[in-house]
Amino acid sequence: MPVLAMPQRSADSPPISIRRGTPADAAALAEFAARTFQESFGVMNDPVEVAAYLRHAYGPAQQEAELRDPDHVTLLAERDGELAGYAQLRRFPTPPCVTGPHAVELRRFYVDAPFHGRGLAQQLMAEAVSTARGMGFATLWLAVWEHNPRGIAFYRNSGFTDVGWQPFLLGAEVQTDRVMARAIQE
Ligand SMILES: CC(C)(COP(=O)(O)OP(=O)(O)OC[C@H]1O[C@@H](n2cnc3c(N)ncnc32)[C@H](O)[C@@H]1OP(=O)(O)O)[C@@H](O)C(=O)NCCC(=O)NCCS
C-alpha cells in the first residue's frame, strides 16, 4: 500500500498510510469502529437501539472474524500507528437495484472527526476503489442512512449515484438506507 501525504499537514506531522487489516488489528479496530459509529450516529438515535447495534456489530471477536473472513477486506488508514479511518469491502449478495456488472459492497467507510474535510476520505476511497478493482470487481455499491447528508454528499462527489433503497436494522428499529453505486472499471 502506498504511503499517502495528508494535505495541509504541518511539516513535522507524520504521513497517513493505508494498509490491509489483519486479525492482529481486531481490538484496535473494534474500539475505533464502535467509537466512530457512536460519534457519527449516537446523538441522532435512540440510545437503547444504538447500544444494541454496537453490541451486535462491534467487539474484538466480531472484528477478528471479519478480518479473518476472505469475503471481507478491511483497509486501515493510520497516522503514527493510530487509526484515522477505515473502509471495508464485502463480497455479499447484491440488491436488485444494483444493476452494474460484477458488484462488491463498500460495507463500511469511516474517517475520524479530526480528519474530516482534510482529504483523507478521498484517499481512502481511492484505495478502496483500487482494491476492489484489483479483486476483479467492476461496480462498487453501498448503503448510506437517508439522514446522513454529509455521507451522501461525499459519496456523490466520489462518483456514486442513487440506485434505490433498502432497510437497515438499528437494534430493533427499521431505518431506511439509500443504495448508491458507481462503475469502477478503468
Ligand atoms: C462520510 C465521511 C467519510 C466523508 O469524509 P469527509 O472528510 O467528511 O468528506 P468531505 O469533507 O471531503 O466531503 C463532505 C461533503 O459533504 C458536504 N457536507 C458537509 N455537511 C453537510 C450537510 N450537513 N449536508 C450536506 N452536505 C454536507 C461538504 O460540503 C462536502 O461537500 P463538498 O466537498 O462538495 O463541499 C466522513 O464525514 C465520515 O467518516 N463521517 C462519519 C461516518 C459516516 O457517515 N460514514 C459513512 C457511513 S455510510
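Within each chain, residues carry numbers counting from 1 in the order of the written sequence. Reporting of local features is limited, given that this is a predicted model, to residues whose pLDDT is at least 70; pairs of side-chain atoms are given and counted only at 80 or more, and all residues count toward the totals for whole chains, interfaces and linings. With hydrogens and water set aside, each side-chain value is computed from the structure's full complement of heavy atoms.

1. Quick word on helix α3 (residues 60-68)
Here is step 1: Exposure classes here rest on a 1.4 Å probe applied to the protein chains alone. A residue is buried below 20% of its type maximum, exposed above 50%, and partly exposed in between. Secondary structure counts use DSSP, requiring at least four H or I residues in a row for a helix and at least two E residues in a row for a strand, with both numbered from the N terminus. Regarding α3, the residues found buried are Gln63, Glu66 and Leu67. All buried residues of α3 fall inside an arc of 100° around its axis, so they share one side. Those residues of α3 that are exposed and aimed more than 90 degrees away from the buried face are Ala61 and Arg68.
Here is step 2: Those residues of α3 that are buried lie in contact with α1 (26-41), α2 (47-57), β3 (72-79), β4 (82-90) and β5 (103-111). As used here, the arc is the angular range of directions from the helix axis to the C-beta atoms. The contact rule is simple, with two residues in contact once any of their heavy atoms fall within 4.5 Å.

2. A closer look at the site of the ligand
Here is step 1: What makes a residue near a molecule or strand is one non-hydrogen atom of that residue sitting within 4 Å of it. Every one of the 19 residues lining the ligand counts as a neighbour, but Phe109, Gly117, Gln122, Asn148 and Arg150 are closest to it.
Here is step 2: At 2.8 Å from a nitrogen atom of the ligand is found a main-chain nitrogen or oxygen belonging to Phe109.
Here is step 3: Pairs of N or O atoms are called polar contacts if they sit within 3.5 Å, as long as, within protein, a hydrogen donor faces a hydrogen acceptor (for residues adjacent in sequence, only side-chain-to-side-chain pairs). Between an oxygen atom of the ligand and a side-chain N or O atom of Gln122, the distance comes to 2.8 Å.
Here is step 4: Among the elements of the structure, α1, β5, α4 (120-134), β6 (139-145) and α5 (149-157) are those that each provide at least two residues to the shell around the ligand.

3. Examining the pairing of β5
Here is step 1: Burial of β5 is extensive: eight of the nine residues sit out of reach of the surface.
Here is step 2: Pairing between strands requires that DSSP locate at least two bridges from one strand to the other. Here β4 pairs with β5 via six bridges, running antiparallel. Across the sheet, the residue bridging to Arg90 is Glu105, located in β5.
Here is step 3: Judged from the three bridges that link them, β5 and β6 form a sheet pairing that is parallel. Looking at the pairing, Val104 lines up with Leu140 of β6.
Here is step 4: Look down the strands so they point away from you; if going from the first strand over the helix to the second traces a clockwise path, that crossover is right-handed. Read from β5 through α4 to β6, the crossover connection turns out right-handed.

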